[in-house]
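So you can see what is in the structure, the chains are spelled out below.
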Amino acid sequence: YSGLKEYLQPFWKHDDMILNLGCGNSRMAQEMFEDGFERIISIDFSANVVKIMNDKCRHKRDEFKYVKMDARQLEFEEDTKFDCVIDKATLDCIFCGEGSVNNVKKTLKEIYLHGPLMLHGLKVPLKIYLVLILQYQDHLLYLLLMTML
């Protein structure tokens, strides 16, 4: 987080609702919490990782939690909306698996379902969708742009 902080500050506010997609055992959400971001829901498909991270962070607020969930099928209530989404190599991992293009498209559609905010009856897009990827950048950028259209 410390390496990204200066780039995020212009876009994110401390009261933003943040989805941390495919969190693993990363300390990023914890470091963000310590910096004043208290509304972070981190998801991962590994029950073991989610349990370990929840045990480490159980003293934090209700809106800071780790949840077992598949990014391809988000199980939030329909009215749950996020201002920002962090993706630290999750799309990279999905893109490497079987059925990769369809699974990436599913994931992006799920994110956008919970991303737009309603403001005076108009949809306002996510403030930022931070994607940190290691490989396949050209393909993912294309899929991101196609999903947004």
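Everything quoted here is computed from the prediction, not taken from an experiment.

Colleague: Can you help me understand the environment of Cys-93 in this one?
Modeller: Summarising the element assignment, Cys-93 is placed in helix H4 (residues 90-96). Along the sequence, Cys-93 and Val-104 sit eleven residues apart, while their C-alpha atoms lie 9.5 Å from each other.

Colleague: I keep staring at the confidence of the model for the protein chain and nothing clicks. Help me out?
Modeller: As a general rule, the predicted coordinates of low-pLDDT regions are not to be interpreted in detail. Taken residue by residue, the protein chain gives an average pLDDT of 78. The fraction at 70 or more is 77%. Across the protein chain, element-level confidence peaks in strand S2 (residues 40-44) with a mean pLDDT of 95 and bottoms out in strand S5 (residues 117-119) with 42. Here residues 117-124 is modelled with pLDDT under 50, and outside its nearest four sequence neighbours on either side it reaches eleven contacts, counting other chains as well. Note that pLDDT drops below 50 for residues 145-149; the model gives that stretch four contacts with residues more than four away or on any other chain.

Colleague: Teacher, can you tell me more about the nonpolar core here?
Modeller: Ranked by size, the top nonpolar core spans 18 residues in total, and within it Trp-12, Ile-18, Met-32, Phe-37, Ile-40, Phe-64 and Tyr-66 carry the most contacts. Taken together, the elements giving at least two residues each to this core come down to helix H2 (28-34), helix H3 (47-57), strand S3 (64-68) and strand S4 (84-88). Excluding its chain neighbours within four sequence positions, the residues that come into contact with Phe-64 are Ala-29, Gln-30, Phe-33, Glu-38, Ile-40 and Cys-57. If you look at the next biggest cluster of nonpolar residues, it comprises twelve residues, including Leu-21, Ile-43, Ala-71 and Ile-111.

Colleague: How should the pattern of salt bridges be read in this particular structure?
Modeller: Pairing is possible between side chains of opposite charge, provided their charged atoms come close. Within this structure, the stated rule accounts for six salt bridges. Here Asp-35 ties to Lys-5 by a salt bridge, and the two come within 3.3 Å at their closest N and O atoms. One end of the pair, Asp-35, is in the loop between H2 and S2; the other, Lys-5, is in helix H1 (residues 5-8), with 30 residues separating them in the sequence. The partly exposed category is assigned to Asp-35, whose relative accessible area is 24%. Here Asp-55 and Lys-51 are joined by a salt bridge, their closest N and O atoms 2.9 Å apart. Linking Asp-55 with Lys-51, this pair stays in helix H3, spanning four residues, or about one helical turn. Classification of Lys-51 by relative accessible area gives exposed; the value is 53%. Here the salt bridges do not stand alone but share partners, grouping Arg-27, Glu-31 and Glu-34 into one network.

Colleague: What exactly am I supposed to notice about the side chain of Asp-83 here?
Modeller: Here Asp-83 lies in the loop between S3 and S4. Nearest to the buried, unbridged Asp-83 among oppositely charged side chains is Arg-39, at 4.8 Å. Within the structure, Asp-83 has its side chain in polar contact with the backbone nitrogen of Met-17 (distance 2.7 Å).

Colleague: What exactly am I supposed to notice about helix H5 (residues 100-113) here?
Modeller: Residues that lie three or four places apart on an α-helix share one face, since the helix turns once every 3.6 residues. Between the first and last C-alpha of H5 there are 20 Å, a value that for 14 residues agrees with the 20 Å anticipated at 1.5 Å per step. Among all positions of H5, only Ser-100, Asn-103, Val-104, Thr-107, Leu-108, Glu-110 and Ile-111 are buried. Across the axial projection of H5, the buried residues extend over an arc of 160°, all falling on one side. Across H5 from its buried face, at more than 90 degrees, point the exposed residues Asn-102, Lys-109 and Leu-113.

Colleague: Is there a simple way to think about the pairing of strand S1 (residues 18-21) in this case?
Modeller: Side chains Ile-18 and Asn-20 project from S1 onto one buried face, and the interleaved Leu-19 and Leu-21 project onto a second face that is buried too. Pairing between S1 and S2: four bridges, direction parallel. Considered in S2, the bridge of Ile-18 is made with Ile-40. What joins S1 to S2 is H2, and the crossover it makes is right-handed. Sheet topology places S1 next to S4; four bridges connect them, and they run parallel. The partner of Leu-21 across the bridge, within S4, is Asp-87.

About the criteria used
- Per chain, residue numbering runs from 1 following the sequence as it is written.
- At least 70 in pLDDT is required for a residue's local features to be given in this predicted model, at least 80 for side-chain atom pairs to be given and counted, and no such filter applies to totals for whole chains, interfaces and linings, which use all residues.
- Only hydrogens and water are removed before side-chain values are computed, so all heavy atoms of the structure are retained for them.
- Strands are runs of DSSP state E lasting at least 2 residues, helices are runs of H or I lasting at least 4, and numbering of each runs from the N terminus.
- pLDDT: the predictor's confidence for each residue, scored from 0 to 100.
- Working rule for contacts: check all heavy atoms of both residues, and any pair within 4.5 Å makes them a contact.
- Take the buried Ala, Val, Leu, Ile, Met, Phe, Trp, Tyr and Cys residues and link them wherever side-chain atoms come within 4.5 Å; each set so joined is a nonpolar core.
- For every residue, the accessible area obtained with a 1.4 Å probe (protein chains only) is divided by the maximum for its type, and the residue is called buried under 20%, exposed over 50%, and partly exposed between those limits.
- Just to be clear on terms, a salt bridge is a Lys or Arg side-chain nitrogen sitting within 4 Å of an Asp or Glu carboxyl oxygen.
- In this charge count, Lys and Arg are treated as positive and Asp and Glu as negative; neither His nor the chain ends contribute.
- Pairs of N or O atoms within 3.5 Å make up the polar contacts considered here, provided that, within protein, one atom can donate a hydrogen while the other can accept it, and that residues adjacent in sequence are counted only when both atoms are side-chain atoms.
- The length a helix should cover is 1.5 Å for every residue beyond the first.
- The arc in question is the one traced by the directions running from the helix axis out to the C-beta atoms.
- What makes two strands pair is DSSP finding at least two bridges between them.
- Look down the strands so they point away from you; if going from the first strand over the helix to the second traces a clockwise path, that crossover is right-handed.

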